[in-house]
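Commentary on secondary and tertiary structure
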Amino acid sequence: MDVRNTESIGENFLHSIIRAVRKFWILIIAVVVAAVAVGGVIAVTKTPKYTVNETVVYKAQNIHSDSTVNNINAMNAFLGTIVDFCDEEVVVDRANYYYAMYLNEKAKAGENYTVDDYVETVKQNDTYKYEEINKHRIFASNIEVTSSEADEDGTKFSFVIKYTDLSKDAAKDKVKILILAADMESKETVVVDNVSQNKYFAGINSEFLDYGTGSITSDVSVPKILIISFVIGLIAAFVVVYLLNMLDNTVKTKGELQEITGVDTLAFISEHGGK
């Protein structure tokens, strides 16, 4: 292939791009501005969903074993069950009961009453004996739970629970209520032959250490939406300009004129000046 022809083609293409931008710059700006405006409207009008992440930490011992390995295995099994609890009907029902009671207490006590106040009350005196709540406010479909590895010495175990809601404050409250429900369910006792014993975890004394909001995220990010809108607008503008330029069959360059006539051209006068 002739190198000069290749260079000429590249040069013509570059000139075509520059010329098209000069000719349609108002259109390019208009399309980009319109795209950003649409993105701005979406960002402002879209109802965001908030996801609260909580890390729950347990310290535990298997009272039937002095082996560190056995302790870790027992606690991993315990934690796996707790994680499963959070997705199961029994804990979601309990959580909805707690949440309804919390809202009632908050309505009576005032805005200064927090979900942490309610959590402490339940831990000190839990009276839950399965009561059906007609209006469910906590939904299993909004819950995501994953377990984590134990720490190096095998004394701390944790899991991460996420809850998504349209209200940031409600999401924060609901995830704490879910943790409470799972924790209280794991400590549930039953009476067998007049003897009270653990319903689920015989031989494990679990100590709930701590939890705290790790992060709160939203599916609506105004800067992100605007940036995406700008990029989409820019791409759309250049596609439109390219199509308009392709449909324009007028002679624009000296090279095009030479290709059409088949003879060398000494000069070429266009709307942008002679060449």
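Notes on the structure in this doc start here. (Residues numbered from 1 in each chain as written. Predicted model: local features only at pLDDT ≥ 70, side-chain atom pairs only at ≥ 80, totals over all residues. Heavy atoms only, no water.)

Now for helix α4 (residues 115-124). For α4, the complete set of buried residues consists of Val115, Tyr118, Val119 and Val122. Across the axial projection of α4, the buried residues extend over an arc of 105°, all falling on one side. (Buried < 20%, exposed > 50% of the residue type's maximum accessible area, 1.4 Å probe, protein only. Helix = DSSP H or I, 4+ residues; strand = E, 2+ residues; numbered from the N terminus. Arc of directions from axis to C-beta.)

Right, let's talk about the pattern of salt bridges for a bit. Two side chains that carry opposite charge are able to pair once their charged atoms sit near each other. Overall, the coordinates contain six salt bridges when judged by the stated rule. A salt bridge links Asp126 to Arg94; the nearest nitrogen and oxygen atoms lie 3.2 Å apart. Of this pair, Asp126 sits in the loop between α4 and β2 (143-147) while Arg94 sits in helix α3 (residues 89-109), and the two are 32 residues apart along the sequence. Judged by relative accessible area, which is 27%, Asp126 ranks as partly exposed. Residue classification places Arg94 among the buried residues on the basis of a relative accessible area of 1%. With a closest N to O distance of 3.2 Å, Lys108 and Glu105 form a salt bridge. Here the residue Lys108 and the residue Glu105 both occupy positions in helix α3, the gap between them amounting to three residues, near one helical turn. For Lys108, a relative accessible area of 66% corresponds to the exposed category. Residues participating in the shared-partner salt-bridge network are Arg94, Asp126 and Glu185. (Salt bridge = Lys/Arg side-chain N within 4 Å of Asp/Glu carboxyl O.)

On to a nonpolar patch on the surface, then. Together, Ile227, Phe230, Val231, Leu234, Ile235, Phe238, Val239, Tyr242, Leu243 and Met246 give the surface a local cluster of nonpolar side chains, amounting to about 950 Å² of exposed area. Topologically, Met246 is positioned in helix α6 (residues 222-247). (Patch = residues over 30% accessible without salt bridge, like charges linked within 9 Å, V, L, I, M, F, W, Y side chains within 5 Å. Areas by Shrake-Rupley, 256 points an atom, 1.4 Å probe, with all protein chains shown as cover.)

So, about the packing of α3 against α4. Here α3 crosses α4 at 120°, and the two axes come no closer than 10 Å. With respect to their mutual orientation, α3 and α4 come out oblique. Both α3 and α4 take part in a crossing whose hand is right-handed. Packed against α3, whose contacting residues are Tyr98, Met101, Tyr102 and Glu105, the element α4 presents Val115, Tyr118 and Val122 at the interface. Among the residues forming the contact of α3 with α4, the class breakdown is six nonpolar, no polar and one charged. (Axes fitted to C-alpha atoms, helices over the stretch in contact; angles between N-to-C directions. Parallel < 35°, antiparallel > 145°, perpendicular 65-115°, else oblique. Left-handed = near helix turned anticlockwise from the far one by under 90°. Contact = heavy atoms within 4.5 Å. Nonpolar A, V, L, I, M, F, W, Y, C, P; charged D, E, K, R; others polar.)

What follows is about the environment of Glu88. As for its position among the elements, Glu88 is in the loop between α2 (68-87) and α3. For the pair Glu88 and Ala182, spaced 94 residues apart in sequence, the C-alpha separation works out to 9.7 Å.

What follows is about the packing of aromatic side chains. In this structure the tally under the stated criterion is five aromatic pairs. Ring centres of Tyr102 and Tyr118 lie 6.0 Å apart, and the angle between their planes is 50°; this geometry places the pair in the tilted category. Within this pair, whereas Tyr102 is found in helix α3, its partner Tyr118 is found in helix α4, the two being separated by 16 residues in sequence. Members of the aromatic cluster, connected to one another through ring pairs, are Tyr97, Tyr98, Tyr99, Tyr102, Tyr113 and Tyr118. (Phe/Tyr/Trp six-rings, centres within 6.5 Å; stacked < 30°, edge-to-face > 60°.)

This paragraph deals with the environment of Ala171. Structurally, the position occupied by Ala171 is in helix α5 (residues 168-186). Considering only alpha carbons, one finds Ala171 and Val52, 119 residues apart in sequence, at a separation of 6.1 Å. Once residues within four sequence positions are removed from consideration, Ala171 is found in contact with Tyr50, Val52, Tyr163 and Asp165.

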